[in-house]
Amino acid sequence: MNISKTQRGRATAAVSLAAVLALTATACGDDGSASGGEGSGKGEITFWDNNGGPRTAVWKEIIQDFEKKYPDIEVKYVPIPIADVQSKYDTAIAGGGVPDVGGVGTAYLANMVSQDALEPLGDRIKDSSLNGKLVEGMVESVKDAAGRDDEMYTVPTSANNGALWYRTDLFKAAGLEAPTSWATFYEAAEKLTDAKKNKFGYTIRGGAGSIAQALDAAYGQSGITEFWNGDKTTLNDPKNVAALEKYAALYKKTTPSADVNNDFTKMVAQFDTGTIGMLSHNLGSYQDHLKALGKDKFAGIPNPVGDGGTRVQVSNPVDGLGLFKASKNKTAAWKFIEFAASHESNSKWNESAGAIPANTEAAKDPWISEAAPTELAAKALTDGSTKIVQLPYYLPDWNNISKADNEPEFQKLLLGKVTAKAFLDKMADELNAAQKEWKERGNS
């Protein structure tokens, strides 16, 4: 199979991200098309948090630190729920009212770049204190996801990794081994379930954000390591179909029936109350579990290993901060981005979120090696046991296809209204069409 420039970039990004993980072991614009201006560097700027709620407290602390250093700049903080962020941006770009700065993940970066909403940042970074201080793997990820050669449209701030959280106390009481393989995962899901007592072995994500988790389960079991086979996706490969069918069959058998509508906040709450044995979520919920359960009642491990002895998982988006082209005060807005991505602020944010810092100095801070799930994630990505299936974030339609267009379809799958094959065939057809259109525009 020929590897395109974009595919090479994605592969490089995965390897580079694995390398940084190894460190753990040692005023508003008018609309999206306006050009804005540099402004005075003083006054008010608006910042949209793309995970408002869970990360509000730490952002307010960082904003307070920033305003102390720059008393002539006031940051208006706007929390946007993660499930609504792309629709909020799309509405603002089309109708006016975009912020000066916004949190932008690689999952929807290409969509925003295609609408010409974000300011290119390469030159600003070169002339700033961030030059040479950003993890190369994350830099490559945001460049690749934007789909505009080597230009950057966000400053990366963090990367995440999937984890299987499990209740060590419940496993010990049931005489179960840690769910390190898919076989032990399914065994534990069944043995920890007692529906009459409202106890379940697993909680499956049926609401917002369900698709990434479903793809993780499919590729993790099938062992397929490439998302594309030529110009066609491997998504609906028979091995993935069989894997997803088995995974979806857990619903209502070893999971609560309410899971069909659950997003990660509801799942985390269920897990932390003691009625759920296992939860698939990223490193970001570590602090929630620690606060609710204490360090002795739970553990977080990388996704289960497949029958062939290799762990396969889908890529996780890189989060970042974007400067909106329509901002009338880009000078002040850039100061905020530079401050937020600096060593101290980036370390503070990522420690709170349990994520991997994008600042190279922050990536060496002691708190990372003290978080066991982060250490395990680092080892899994650097010891050769894990293969990353790079999702096509560079497609402008990726986020719509993987969220709004198909999350309702996944709910139908859980409810038995469509088959796993029909679900994956539909999504594969949409992705193949998006890839074809992307290439027809001169990309490769």
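Residues numbered from 1 in each chain as written. Predicted model: local features only at pLDDT ≥ 70, side-chain atom pairs only at ≥ 80, totals over all residues. Heavy atoms only, no water.

Caption draft 1: Spotlight on the sheet that holds strand β4 (residues 155-159). With mixed pairing, the 6 strands of this open sheet are ordered in space as β2-β1-β3-β12-β4-β13. The open sheet has two edge strands with one neighbour each: β2 (73-79) and β13 (356-357). Along the sheet, helix α13 (residues 330-340) makes contact with β1 (43-49), β2, β3 (101-105), β4 and β12 (318-323), crossing β12 at roughly 160 degrees. Contacting β4 and β13, helix α14 (residues 343-353) crosses the sheet at an angle of about 35 degrees to β4. (Pairing = 2+ DSSP bridges. Helix = DSSP H or I, 4+ residues; strand = E, 2+ residues; numbered from the N terminus. Contact = heavy atoms within 4.5 Å. Axes fitted to C-alpha atoms, helices over the stretch in contact; angles between N-to-C directions.)

Caption draft 2: Focus on the side chain of N240. Its place among the elements puts N240 in helix α10 (residues 238-248). Of note is the side chain of N240, whose polar atom sits 3.4 Å from the backbone oxygen of L235. Those residues in contact with N240, other than ones at most four positions away along the chain, are A218, Y219, S222, I224, T234, L235 and L424. (Polar contact = N/O pair within 3.5 Å; in protein donor to acceptor, adjacent residues only side chain to side chain.)

Caption draft 3: Spatial organisation of empty space enclosed by the protein. When its volume is computed, the largest cavity comes out at roughly 50 Å³. Contributing to the lining of the largest cavity are F47, D49, N50, W59, G103, T157, D319, G320, L321 and W349. Counting only elements with at least two residues in the lining of the largest cavity, the list comes to β1 and β12. A total of 3 residues in the lining of the largest cavity trace back to one element, the largest contributor, which is β12. Its residues placed into classes, the lining of the largest cavity shows 4 nonpolar, 4 polar and 2 charged. (1 Å grid on protein atoms, 1.4 Å probe; cavity = no way out; pocket = protein on both sides within 12 Å on 5 of 7 lines; lining within 4 Å. Points joined across faces, edges and corners; volume = space filled by probe spheres on them. Nonpolar A, V, L, I, M, F, W, Y, C, P; charged D, E, K, R; others polar.)

Caption draft 4: Highlighting the packing of helix α11 (residues 264-273) against helix α12 (residues 286-293). Close contact between α11 and α12 brings their axes to 9 Å; oriented N to C, the two are set at 30 degrees. The orientation of α11 with respect to α12, classified from their angle, is roughly parallel. Like other packed secondary-structure pairs, α11 and α12 cross with a definite hand, here right-handed. On α12, the residues touching V268, F271 and D272 of α11 are D288, H289, A292 and L293. Partitioned by chemical class, the residues of the contact of α11 with α12 number 4 nonpolar, 1 polar and 2 charged. (Parallel < 35°, antiparallel > 145°, perpendicular 65-115°, else oblique. Left-handed = near helix turned anticlockwise from the far one by under 90°.)

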